[in-house]
Amino acid sequence: AQSVTQLGSHVSVSEGALVLLRCNYSSSVPPYLFWYVQYPNQGLQLLLKYTTGATLVKGINGFEAEFKKSETSFHLTKPSAHMSDAAEYFCAVSDSGVTGGGNKLTFGTGTQLKVEL
Amino acid sequence: AAGVIQSPRHLIKEKRETATLKCYPIPRHDTVYWYQQGPGQDPQFLISFYEKMQSDKGSIPDRFSAQQFSDYHSELNMSSLELGDSALYFCASSSDRSSYEQYFGPGTRLTVT
């Protein structure tokens, strides 16, 4: 069974500071990994994804994440936080190589990011 | 670009009533996933459909049923509603060609009173 663990349900940073949101995964097969962002009362927006190839993945809004197989991690970073980054962030995993509707996402419990002036 | 459409956006029902949630995937997407997000919780997979056939099933109560129609839209039917069914219900669609990437709709917020 796949799972992801997000360390820290709440993270607070100052505007302009580094953002680091942690995610560790457990998967019996090569995983596909995702970060989604959710603003209050809104849907889930894909920030970035790792499937195969380059382990450093760049996403939207200046975010990036690095897939580290040896550490089973997929941490999300952003060099400089903006007030508009305040939201809830979910790490998710799905099986690789599955088609036909079998790619359900398993989400972590989420990290609420607060950005302070 | 067209996105996933969900209707209604908000729904208030009483206990033991029924509810029907609708999802219209992105054009040419043939796969639909349903997720339930309880208050303060992460989204949980309920059920998925590919080419109008159920393809995977998660923690979906027996009181719930779903189907995908010939035009690829999907409906989630919920009967004998309970207070604990109050949640945000998301639909996501994908194209099987890139089946790992799911695009989420804005969700339907169901409140059971």
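It should be noted that the structure appears before, not after, this text.
Every chain is numbered independently, its residues counted from 1 as its sequence is written. For naming, the first written chain is A and the first written ligand is 1, with later ones following in the order written. Local features in this predicted model are restricted to residues whose pLDDT is 70 or higher, and side-chain atom pairs enter the listing and the counts only when it is 80 or higher, whereas totals over whole chains, interfaces and linings include all residues. Excluded from the side-chain calculations are hydrogens and water; all other atoms, namely the structure's heavy atoms, are used.

Novice: Help me out: how do you make sense of the overall build of chain B in this one?
Specialist: Put simply, DSSP H or I for four residues or longer makes a helix, DSSP E for two residues or longer makes a strand, and each gets a number counted from the N terminus. A count of helices and strands for chain B gives zero helices and eleven strands. Helices and strands appear in chain B in the N-to-C order β-β-β-β-β-β-β-β-β-β-β. The C-alpha atoms of chain B give a radius of gyration of 13 Å, which matches the 13 Å a tight globule of 113 residues would have. Principal axes of the C-alpha set define a box for chain B whose edges measure 40 × 25 × 25 Å. Across chain B, every contact between residues at least 6 apart in sequence was considered, and the portion connecting residues at least 24 apart equals 53%. The Shrake-Rupley method, run with a 1.4 Å probe, gives the accessible areas here. Residue values count only the displayed protein chains as cover. Accessible surface computed for chain B: about 5,500 Å², of which carbon and sulfur atoms make up 47%. Chain B carries 11 positive and 13 negative side-chain charges, and their two centres are separated by 5 Å. Here the radius of gyration uses the C-alpha set of atoms, whereas the globule reference equals 2.2 Å times the residue count to the power 0.38. Any two residues having at least one pair of non-hydrogen atoms within 4.5 Å are treated as being in contact. By the counting scheme adopted, Arg and Lys are positive, Glu and Asp are negative, and His together with the chain ends is not counted. Charge coordinates come from a single atom per side chain, which is NZ of Lys, CZ of Arg, CG of Asp or CD of Glu.

Novice: Looking at this structure, I do not really get the sheet that holds strand S7 (residues 64–68) of chain B. What am I missing?
Specialist: Each strand in a sheet pairs with another by means of backbone hydrogen bonds, the pair being arranged parallel or else antiparallel. Residue and element names in this part refer to chain B. The criterion for strand pairing is that DSSP finds at least two bridges linking the strands in question. Read across the open sheet, the four strands follow the order S1-S3-S8-S7; overall the sheet is antiparallel. Each edge of the open sheet is held by one strand with a lone partner, namely strand S1 (5–7) and S7. With direction set aside, neighbouring strand axes in the sheet form an average angle of 15°. Here the axes come from fitting lines to C-alpha atoms, over the contacting stretch only for helices, and the angles between their N-to-C directions go from 0 to 180 degrees.

Novice: It is not clear to me how the pairing of strand S8 (residues 73–78) of chain A should be interpreted in this structure. Could you clarify?
Specialist: On any regular strand, side chains alternate: one points to one face of the sheet, the next to the other face. Residues and elements named next belong to chain A. Extensive coverage of S8 is indicated by the burial of five of its six residues. Judged from the five bridges that link them, strand S7 (residues 64–68) and S8 form a sheet pairing that is antiparallel. Note on S8: the bridge partner recorded for Lys 68 is Ser 73. Between S7 and S8, which pair antiparallel in sequence order, lie four residues; one of them, Thr 72, sits at a positive phi of approximately 45°. Each residue is placed in one exposure class: buried if its accessible area under a 1.4 Å probe, protein chains only, is under 20% of its type's maximum, exposed if it is over 50%, and partly exposed if it falls in between.

So yeah, pure geometry; function would need other evidence.
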